[in-house]
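Fold and geometry: a report
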Amino acid sequence: MFLTKKKGGDWMPNLKKTLFAAITALAVCLLICGVAGAASATENLMQAGENAVSGTTLENGITLIVKENHNGIAAFQIWFRTGARDEDASNAGISHFIEHLIFKGSEKLKVNELSTVIEGKGGVLNGGTSKDYTNYHFVIAKEYFEQALDSMMDCVMNPVFDPAEIEKERKVVTEEIVRNLDNPGWVIYDRVFALSYDKHPYGRTVIGTKEIIEKVTREELVSYYRARYIPERMFIVAVGDFDKAKLILKLKKHLPAAVLKKEARQKLQADFKGGRLEEETNFKQAYVAAAWLGPEAANNDNYAVDVLVTALGSGRSSRLYRNIKERAKLVYGIDAGYSTMRDEGLITIGAELDLKDAPAFEKKLEEELKDIRENGITPAELAKAVAIIENNYIFSHETNEEIAGALGYYEAVSNYGQELGYLENIRKVKTEDLKVTASKYLGGKRSWVLLKPRQNENKK
């Protein structure tokens, strides 16, 4: 509902695409009819990915990840291994602010000229900031790909940071911060991450605070950009209809010729603190989120965790939905998720409920998790979870943009090879693995956040 993992897309918060209502129904059908059809489709998709995806290190050291498929459309993405994780308490939100400003002109392009070049030709232009990375991307018909690439690279490599545009975007970002406070999903996500981490930057919000954004100067923005948005932290992903050799020649025009050494990105050990937080809000409904520290992206445990949270809380046939919503009738909705991140992310369970039912919900949830830790899940539940994940994978790889986003996401938090082998590793998960995983990650210290309606104004 609120805290499911997202791979690719606009990353604030950093959540996974959820198509579980439709996917679960399809998965159940596949389980009845047999999963051979889904397995065949995903095998074809994986095989195509392994044959077509290539990673090239350019002469200057920058990684280029390419997948050509000549369907008339090209997706191009510039990624930087920098995000909220690289900020501190004094400049939280500066990466997201810079994301807004990159599109506001370069030394050659006027304000909004990039939008005209891409969107004026029917393309789509966007960017995203997360805790782990920032990216800038477009999708456009192949006829306009080279012009769009030139314009995008110019803006990303040579932004002008026009003072008037800084003030305009300052208002846009502060309004976004205020608007987010009316979104219960955003608020509970923000609170559970802040409660879960002690000094690790994952505890800070990606968008920052109104106080910081209102005060940050042009000099601070330019200085941060020059320190963080550098070729040593960059990689590029292109998927679709283009010629790879021509693409490399184009990139040479915009990138430094000197041989670059990738900047080592130090691992930050997650310092999970956990605890309880109850907060009164203006929401008419109560919301609760529980969180436990999960594995980092490079840890092979993340595949079992993906299967576990899918079995627990993805769709109407999931364990928590059946037992807590339908049978116990303690919540209006419930789901589970896992944020795969460069450092240890969170395993979360979120629910919407009446405030009066919060104590009974907490007790019931603990009973369900204890049962999972002691007894695991059934082979049927495992098969269903894998079918859901397989179909979700297919649905989230339908476009060039989605494929590029998935490749870039894994390259940013680990390496793109994990994306190519994702389904193969999901299928290796066994029922006994899930029992071990539940005991390892869903016991012990946790975070518990309860958003309460003011004056007990919860639904009757």
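In short, a report on the structure. In this numbering scheme, every chain counts its residues from 1 along its sequence in written order. Where local features are concerned, this predicted model is filtered to residues with pLDDT of at least 70; where side-chain atom pairs are given and counted, the filter is 80 or more; whole-chain, interface and lining totals use all residues. Excluding hydrogens and water, the side-chain figures rest on all heavy atoms present in the structure.

Before going further, it helps to examine the nonpolar core. If you look at soluble globular proteins, the nonpolar side chains tend to sit buried side by side. Ranked by size, the top nonpolar core spans 69 residues in total, and within it Phe76, Ile98, Phe138, Leu247 and Leu251 carry the most contacts. A total of 8 residues in this core trace back to one element, the largest contributor, which is helix α5 (residues 145-157). Among all residues touching Leu247, those that are not within four sequence positions of it are Leu64, Val66, Phe76, Phe145, Leu149, Ala238 and Phe242. Buried Ala, Val, Leu, Ile, Met, Phe, Trp, Tyr and Cys residues that are joined via side-chain atoms within 4.5 Å together make up what is termed a nonpolar core. A 1.4 Å probe rolled over the protein chains alone gives each residue an accessible area, and that area as a share of the maximum for its type sets the label: buried under 20%, exposed over 50%, partly exposed in between. Ile334, Leu369, Ile403 and Trp448 belong to the second largest nonpolar core, which has 63 residues in total. Secondary structure elements are taken from DSSP: a helix is a run of H or I of four residues or more, a strand is a run of E of two residues or more, and numbering for both begins at the N terminus. By the convention used here, residues are in contact when the closest approach between their heavy atoms is within 4.5 Å.

What follows deals with helix α14 (residues 379-395). Across its 17 residues, α14 extends 24 Å between first and last C-alpha, which sits within 8% of the 24 Å expected from 1.5 Å per residue. The set of residues buried in α14 consists of Glu381, Leu382, Lys384, Ala385, Val386, Ala387, Ile388, Ile389, Glu390, Asn391, Asn392 and Tyr393. One fewer than the residue count of a helix, multiplied by 1.5 Å, yields its expected span.

To continue, consider the pairing of strand β4 (residues 124-129). Note: two strands are recorded as paired if DSSP finds a minimum of 2 bridges between them. Note: β4 against strand β5 (residues 134-141), 6 bridges, orientation antiparallel. By the bridge assignment, Gly128 is partnered in β5 with Asn135.

With respect to the element layout, Thr56 can be found in strand β1 (residues 54-57). A 3.5 Å cut-off defines polar contacts: any pair of N or O atoms within that distance qualifies, except that in protein one atom must be a possible hydrogen donor and the other a possible acceptor, and neighbouring residues in sequence count only when both atoms are side-chain atoms. In this structure the side chain of Thr56 is engaged in a polar contact, spanning 2.9 Å, whose partner is the side chain of Lys244. Excluding residues within four positions of it along the chain, Thr56 makes contact with Ile62, Thr63, Leu64 and Lys244.

This brings us to helix α18 (residues 431-441). Three or more residues of α18 are buried, namely Leu434, Thr437, Ala438 and Tyr441. Here the buried residues of α18 occupy an arc of 100 degrees about the axis, which is enough to place them on one side. What points out from α18, more than 90 degrees from its buried face, is the exposed set Val436 and Lys440. Buried residues along α18 sit against β8 (286-293), α11 (301-313), β10 (346-353), α13 (358-375) and α14. Directions from the helix axis toward the C-beta atoms define the arc.

Turning next to the sheet that holds strand β7 (residues 275-281). The strand order β7-β11-β8-β10-β9 describes an open sheet built from 5 strands, whose pairing is mixed. Looking at strand neighbours, the two that pair on one side only are β7 and β9 (333-338), the edges of this open sheet. Pairs of neighbouring strands in the sheet enclose a mean axial angle of 10 degrees, with direction left out of account. Both β8 and strand β11 (residues 447-453) contribute to a ladder of 5 bridges, which runs antiparallel. Bridge pairing in β11 links Tyr287 to Leu451. Contacts from α13 reach β7, β8, β9, β10 and β11, with the element oriented near 140 degrees to β10. Angles here are taken between N-to-C directions and fall from 0 to 180 degrees, while the axes themselves are lines fitted to C-alpha atoms, restricted in helices to the stretch in contact.

On to the packing of α13 against α18, then. Interaxial distance between α13 and α18 falls to 7 Å at its minimum, and their mutual angle equals 130 degrees. When the axis of α13 is compared with that of α18, the two are oblique. The hand of the α13/α18 crossing is left-handed. Where α13 abuts α18, its residues Ile372, Arg373, Glu374 and Asn375 lie against Lys435, Ala438 and Ser439. Any angle that is under 35 degrees is reported as roughly parallel, and any over 145 degrees as roughly antiparallel; angles of 65 to 115 degrees are reported as roughly perpendicular and all others as oblique. Left-handed describes a crossing whose near helix is turned anticlockwise from the far helix through less than a right angle; right-handed describes the clockwise counterpart.

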